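Structural features, examined
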Amino acid sequence: MRRRLLALLLAALLAPAGCSSAPAPGPASPGSAHVSASASGAASGSASTGPEVRATLAEGLAVPWGVALLPGGDLLVSERDTARIVRVAAGGGAKTEAGVVPGVTAGGEGGLLGLALSPSFADDHLVHAYLSTAEDNRIVRLGYHPERPAGVQLGSPAVLLSGIPHGPRHNGGRIAFGPDGLLYATTGDSSDSGTAQDKGSLGGKILRLTPDGAPAPDNPFPGSPVYSYGHRNVQGLAWDGEGRLWASEFGENTWDELNLIRPGGNYGWPVVEGTGHRPGYLDPVAQWSPAEASPSGLAYAGGALWMAALRGTRLWRVPIAGDRLVGSPQAYLDGVYGRLRTVVTDRDGTLLLATGNTDGRGDPRPGDDRILRLGVPAS
């Protein structure tokens, strides 16, 4: 009897605390992402619980790509292949078509991609979009007028920057305004890897622009919009709590990357993929095999970066402090919602997560594609 009581007591002490009814599984074991040598000295550690799926905000979206937060809490969502911008109500998830962006050529990985609201949106009602045409990728700006009838709420687009290389694959496409009020845009190498090292090309870069599309005046290469180069295909941008810029990047066959972006930095592609320890090239802070990641969206919340994985079908939590990792990355929602395209931080600190199962590479499920709201555990 005494042995049985001791065994029961020991089992109670070792049992996990609490139980969640959310459909998210527990995290993968720490270290399942391959941390680069530059972070190999980081202290081990992990979050005690994973993100909680609190609600499904919207269903039935067709290849959602960009997600922008309106002042009242509603969302604007771009659909890659239809070229539509859809408004999603924060309460109830009702969808209203704002309109179709003209001039978009969808195909492969191109189409209507990233969205970003003007920093003075409350006054000017301007939306910036990254899109593909038959000739190039470009950044445009258009007015949004919700007082008009559904479907005709978008103004005519004004081209801010054109001539970004376009191909069936590797078009980049994420745009975001930084803490400095400037517009950052990610571009891909459009399957021509040589463009990434060519500072005269807009391919394989992170660009930094004024809201009107001109090169930022203090960019590292005078008169050029190029902020960093040597990228294969960046689709995630996020600033941490101290204003540092991070980016998630697709590798080829070996390593996907999480990079801390420095002005004028050369991130290696195609000379180096992943950690190379080669003079003149900046190594990633963390790296993963493409099967575990193939990362798209990136957000910062709760003392960590959150990276949405397409092929990896999971959400990575990457704990950081300053410019380094402070624990092993952890995977959540592994396979539960399929391919994960975009993640953004809402004003209340929750995460908004868009799936990407209708993009031709996923296995659509009833309700796909959808946007989920996730609660983030305290760091």
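The present account deals with the structure reproduced in this document. (Residues numbered from 1 in each chain as written. Predicted model: local features only at pLDDT ≥ 70, side-chain atom pairs only at ≥ 80, totals over all residues. Heavy atoms only, no water.)

**A closer look at the sheet that holds strand β11 (residues 183-186)**
Spatially, the 4 strands line up as an open sheet ordered β10-β11-β12-β13, and their pairing is antiparallel. What marks the edges here is a single partner per strand, and that holds for β10 (175-177) and β13 (226-229). Averaged over all adjacent pairs, the angle separating strand axes in this sheet is 20 degrees, with direction ignored. (Pairing = 2+ DSSP bridges. Helix = DSSP H or I, 4+ residues; strand = E, 2+ residues; numbered from the N terminus. Axes fitted to C-alpha atoms, helices over the stretch in contact; angles between N-to-C directions.)

**Focus: the side chain of Glu79**
Looking at the element boundaries, Glu79 is found in strand β3 (residues 75-79). Classification of Glu79 as buried rests on a relative accessible area of 1%. (Buried < 20%, exposed > 50% of the residue type's maximum accessible area, 1.4 Å probe, protein only.)

**Here's the deal with the nonpolar core**
Counting residues in each nonpolar core, the largest one holds 19 residues, and the members touching the most others are Leu76, Ile85, Val101 and Tyr144. Elements supplying a minimum of two residues to this core: β6 (112-117), β7 (126-132) and β8 (137-143). The contacts of Val101, once residues within four sequence positions are left out, are Ala83, Ile85, Leu112, Leu131, Leu142 and Leu154. (Core = buried A, V, L, I, M, F, W, Y, C linked by side-chain atoms within 4.5 Å. Contact = heavy atoms within 4.5 Å.)

**Quick look at the pattern of salt bridges**
By the definition in use, this model includes 20 salt bridges. A salt bridge links Arg341 to Asp359, with the shortest nitrogen-to-oxygen separation between them at 3.3 Å. Here Arg341 is found in strand β23 (residues 340-345), whereas its partner Asp359 is found in the loop between β24 (351-355) and β25 (371-375), with 18 residues between them in sequence. Assigned by exposure class, Arg341 and Asp359 land together as buried. Each of Glu59, Asp368 and Arg370 takes part in one network of salt bridges that share partners. (Salt bridge = Lys/Arg side-chain N within 4 Å of Asp/Glu carboxyl O.)

**Considerations on the packing of aromatic side chains**
Applying the stated criterion across every chain yields a total of 5 aromatic pairs. For the pair Phe221 and Tyr229, a centre-to-centre distance of 6.0 Å together with 70 degrees between the ring planes defines the contact as edge-to-face. Taken together, the ring pairs connect Tyr184, Tyr227 and Trp239 into an aromatic cluster. Over the aromatic face of Trp269 sits the side chain of Arg232, whose NZ or CZ is 5.4 Å from the ring centroid. (Phe/Tyr/Trp six-rings, centres within 6.5 Å; stacked < 30°, edge-to-face > 60°. Lys NZ or Arg CZ within 6 Å of the ring centre and 35° of its normal.)

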